[in-house]
Every structure is written in structure tokens, then in C-alpha cells.
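Next come the chains, spelled out residue by residue.
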Amino acid sequence: MLIVQPEGPDDVARTLDFVRTQGVDVAVRCGGHDLLGVSTPARGVLIDLSRMNDVVLDPVAGVARVGGGARAGALTAAGAPHGLAPALGMNPNVGVGGLTLGGGMGWLAGTHGATVDNLLAVDVVTADGRSLKASADENEDLFWALRGGGGNFGVATAFTYRMRPVPQVLAGDIGYRTDPARFLRFLRDFLATSPDELELGVLFSLGSNPFAITRLCWSGDAAAGAAALRPLRTFASPMLDTVRPQSYAGFANGAAHFDNMFLRGGEFAGLGDEVIDALAAIIERGGPKDCLVGVLHYMHGALCRVPADATPFIRTPGHILYNIVAPWQGAGLQRDRMDWALAASEALRGVNSKGIYINYLSYEGEAHVRDSFGPHHARLRAIKRRYDPENLFHHNRNIRA
Ligand SMILES: Cc1cc2nc3c(=O)[nH]c(=O)nc-3n(C[C@H](O)[C@H](O)[C@H](O)COP(=O)(O)OP(=O)(O)OC[C@H]3O[C@@H](n4cnc5c(N)ncnc54)[C@H](O)[C@@H]3O)c2cc1C
């Protein structure tokens, strides 16, 4: 494999020219967090955008322009001195590229929507080497497709985002040992009435009496937040409670880091009894040390208030996503952890919703991609025909022209 590290759009265009004339495969990588690893193929040319990671913030306008190879945490850190935050994901190491092009859900989704709802413009180099601007006023069809259609339409060399005033949040972790099914039933009722300001993710350790850690962020009035969180604090007696007022960046960029994380994910149409039983069985069966089952990204609030055809990213109120997490430190593959995650993902196959958020879609095959885009798939195909008819960009959740 040939790895190219461009420093700007011209380098990207030259690389694509080489790829076209040599007839070789090309993949595009930003943060390298693709769940199926498709941004790092075994052969061909890899466009590694990690050098294109500039962050230019205009704090007065509340707008930031970010290189297509930057990580989420860099923009969060840049906004912090100005009390501004980007609506990116829950993990600072994830690349803005994959996150944004797939939709993007994070700690501010309930109050400020998806990442793509806060995207103002994208600079793109298309398959034929043209440098284009996509925004609400220029190349509108491309702009629509880039807000959830994944890496199918070109190389995004820069993203322009609206930043949000979020100086402080009430955030941290609450943890206790609990029966997983009982806690998930409580969570179902708790989330059904949760205000826009609350985002959370629950991570269960494995075993018959697992530890459940709820990592949460309340981005509103602190007193109202303390009242809203009371049921979480009284469900069981917390053995861990780090929830406190703090800066958004202090919380969002403080996530635990592992050298390796093998992740599988998917989407449920809510926490129905069948889903809860399937999750509880995986948790209670146990598995390799440090592996976790996560339930996160409850779809609600501002995320779900955009018109259904505004972007290709489908959000359905009440849907919730999950992660099967196999982390480890140090070099090398840890097969037992990866096999456990693959088996857990297979065990959940039948209880996923029909369409799965493409950034968590962990099952191979075109039919899943079609389901993920649902009614938008035909329009995405038409735009693909216009910008990448030869399917040069296919190392992704692929849409064929
Ligand atoms: C630990 C972890 C935490 C996560 N947390 C969240 C979360 O909180 N919220 C959420 O919504 N998702 C989350 N995700 C999913 C994440 O959004 C996707 O995996 C995303 O694709 C990762 O983006 P990346 O740039 O790091 O990945 P990469 O592997 O670099 O890229 C993935 C794909 O995106 C495309 N791509 C990336 N950058 C560009 C670009 N500049 N131009 C054109 N195409 C590009 C390519 O097709 C590439 O194959 C998480 C994933 C992991 C592993």
C-alpha cells in the first residue's frame, strides 16, 4: 500500500489523478476510527489526511474552519477559551471527517442537533480532481449528500462549523453494580421523559453482577440538571459519582484513552423487552477482561426536530444506539477480545432496527447500506452518479452510482 499525506487540496487532486491514471484503489482516512476499518485497506493508495488538521476559529462569528484530517478534540479545545463548543461526537480522538460525513451525534445532540446540522460548508476535491465548495448556496445537492451520505462523494479537505455557546456543563460519571435488565428497563422509562439538555451513555462491565457507569452531560441550567438527574442517583446507591459543573472541553476531551479499541455497533428501535433480554444475556454471560457493552445516543430533542429530508442522516425519536467495546493497551491484536465482540454483534443482529446509523453500521453488505439510507438512497445514488460515476470512492459504506 502507498500512503500519501497531503498538505492541501492540490496534493489531494494530484493523488486522485495518479489513482485514476494508474487504475489503483484509493481509500481516505481522517481519524482512522471506522468500525469496520475500511479507511485502511491492505492495497492501493491511502490518502491519510492527518496533516490537514488546522483549526481556524472566529470566536466573534462563532464559526470554525477545520482541516479534513483533524480530530474532534482539537476543535473542542480551540473553542474552550471562548466558551464555545462544537456539536461533534462523544470521543475526542474520532476524526471530524468520518464523524461529520456520517451524521455525527454527541453530547450536544439534544440541544444543538447532529454534527451535520451545525455544518455550514465543506471544501471537497471530487473524483475528477475538481476543488468545489459545497454549502446551502453552492453545489447544494453535494452539500445535502455530504451531510450523512458518508465518504462517497469526494475528499473533504475542510469543514466549516457553527460553534455553540456552552461555557459550562454538569457532567461526569455515576456508577453502581446492578442487574442489567432491571437497569435497562429503568433507563427506558427515564429516557422517555429526558429533557433536551441531557445526553448519556451507559457502559456495562461483563458478568452476573456488572458495574454500570452512566457517563452524562447536562448542557443547561445546573439546578434543573441536578433535579433531572435525581432518579439516576437514587436508582441504586452510587459507588461512583463524579458529576459536577465543569467546562465543556474539560469533560468532553477527558474521555479514557486506549491504544486499541475493537468496536461493533448498531441501532435499536428503542429498548424493547427483546432488546433488553438480548443485551442482558451478553452482559451476564461474561467475556474477556475490560470488555464492555454500551448503550448510548438516545435520539431526542433538537436532533429529531429537523425536517426528515433536510439531510440523508435519518433520526427517529426514541431510537438508541449501542456499542460492543473490546479495548486493550499495547501493541498487537487481541483475538479473544475481537472474537467476543464479533459474537456479541452477531447475537444482536436480529434485534437491530431496519436501518442503522451508518457510522455504527457493523454488518457488511449493500442491503444494510440501502436500509440505513432508507428513502434517501435513490437521491444519494443520483448525486453519486453526478460526482463519482466510476465509484472511485468505495472504501466506505458504499453507495453505487
Ligand atoms: C471509539 C469510537 C467512538 C465513537 N464515538 C462516536 C460518537 O460519539 N458519535 C458518533 O456519531 N460516532 C461515533 N463513532 C463512530 C464514528 O463517527 C465513525 O467511526 C467515523 O467514521 C470515524 O471517523 P474517522 O474520521 O475517525 O474515521 P476514518 O476511519 O478515518 O474514516 C471513516 C470513513 O470516513 C470517510 N472519510 C473520513 N474523512 C474523510 C474526508 N475528510 N473526506 C472524505 N471521506 C472521509 C472515508 O470514507 C472513511 O472510510 C465512534 C467510533 C469510535 C471507534
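For the structure given in this document, a descriptive report is provided here.

Conventions we followed
- Residues numbered from 1 in each chain as written.
- Predicted model: local features only at pLDDT ≥ 70, side-chain atom pairs only at ≥ 80, totals over all residues.
- Heavy atoms only, no water.
- Helix = DSSP H or I, 4+ residues; strand = E, 2+ residues; numbered from the N terminus.
- Rg over C-alpha atoms; globule rule 2.2 N^0.38 Å.
- Buried < 20%, exposed > 50% of the residue type's maximum accessible area, 1.4 Å probe, protein only.
- Areas by Shrake-Rupley, 256 points an atom, 1.4 Å probe, with all protein chains shown as cover.
- Lys, Arg positive; Asp, Glu negative; His and termini not counted.
- Charge placed at Lys NZ, Arg CZ, Asp CG, Glu CD.
- Phe/Tyr/Trp six-rings, centres within 6.5 Å; stacked < 30°, edge-to-face > 60°.
- Lys NZ or Arg CZ within 6 Å of the ring centre and 35° of its normal.
- Near = heavy atom within 4 Å.
- Polar contact = N/O pair within 3.5 Å; in protein donor to acceptor, adjacent residues only side chain to side chain.
- Nonpolar A, V, L, I, M, F, W, Y, C, P; charged D, E, K, R; others polar.
- Patch = residues over 30% accessible without salt bridge, like charges linked within 9 Å, V, L, I, M, F, W, Y side chains within 5 Å.
- Salt bridge = Lys/Arg side-chain N within 4 Å of Asp/Glu carboxyl O.
- Core = buried A, V, L, I, M, F, W, Y, C linked by side-chain atoms within 4.5 Å.
- Contact = heavy atoms within 4.5 Å.
- Pairing = 2+ DSSP bridges.

## Brief notes about the overall build of the protein chain
Step number 1: On a plain count of helices and strands, the protein chain comes out with 12 helices and 18 strands.
Step number 2: Against the globule reference of 21 Å for 401 residues, the protein chain gives a C-alpha radius of gyration of 20 Å, in line with a compact fold.
Step number 3: The principal-axis extent of the C-alpha atoms belonging to the protein chain is close to 65 × 50 × 40 Å.
Step number 4: Counting across all 401 residues of the protein chain, residues that qualify as buried make up 55%.
Step number 5: A total accessible area of about 16100 Å² is found for the protein chain, and carbon and sulfur atoms account for 51% of it.
Step number 6: Between the mean site of the 37 positive side-chain charges and the mean site of the 40 negative ones, the protein chain shows a separation of 1 Å.

## Description of the packing of aromatic side chains
Note on aromatic pairs: each is described by the distance of the centres and the angle between the planes.
Step number 1: One pass over the structure, following the stated rule, counts 12 aromatic pairs.
Step number 2: Judged by centre distance (5.8 Å) and plane angle (40 degrees), the ring pair of Tyr176 and Phe235 falls under tilted. Of this pair, Tyr176 sits in strand 11 (residues 168-177) while Phe235 is found in the loop between helix 7 (222-234) and strand 14 (240-241), placing the two residues 59 residues apart along the sequence.
Step number 3: These aromatic residues form a ring-pair network of at least three members: Tyr176, Phe183, Phe186, Phe190, Phe204 and Phe235.
Step number 4: For Arg379, the ring lying beneath its charged end belongs to Trp144, and the centroid distance is 3.8 Å.

## Some words on the site of the ligand
Step number 1: In the region of the ligand, 35 residues are neighbours, and Cys30, Ser39, Met90, Met105 and Tyr357 sit closest.
Step number 2: Within the backbone of Met90, one N or O atom sits 2.7 Å away from an oxygen atom of the ligand.
Step number 3: Backbone polar atom of His395 to an oxygen atom of the ligand: 3.1 Å apart, as the coordinates give it.
Step number 4: The protein chains hide 95% of the 960 Å² of surface that the ligand would expose on its own.
Step number 5: If you list the elements that add at least two residues to the shell around the ligand, you get strand 2 (26-29), helix 3 (96-102), strand 9 (155-162) and strand 16 (260-268).
Step number 6: Of the residues forming the shell around the ligand, the biggest block, 4 residues, is contributed by helix 3.
Step number 7: Considered class by class, the residues forming the shell around the ligand number 16 nonpolar, 17 polar and 2 charged.

## Considering a nonpolar patch on the surface
Step number 1: A cluster of nonpolar side chains, namely Leu2, Phe18 and Val24, defines an oily patch on the protein surface of about 230 Å² accessible area.
Step number 2: Relative to the helices and strands, Leu2 resides in strand 1 (residues 2-4).

## Re the nonpolar core
Step number 1: Core analysis: the biggest nonpolar cluster contains 85 residues, and Leu232, Leu271 and Leu348 have the highest contact counts within it.
Step number 2: In this structure, Leu271 is in contact with Leu184, Leu187, Arg188, Ile276, Leu279, Val295 and Ile320, ignoring residues within four places of it in sequence.
Step number 3: Formed by 27 residues, the second largest nonpolar core is a distinct cluster that contains Trp107, Leu108, Tyr357 and Tyr360.

## Digging into the pairing of strand 16
Step number 1: Extensive coverage of strand 16 is indicated by the burial of 7 of its 9 residues.
Step number 2: One ladder, built from 9 bridges, connects strand 16 with strand 18 (residues 320-328); its direction is antiparallel. Directly across from Met261, in strand 18, lies its bridge partner Pro327.

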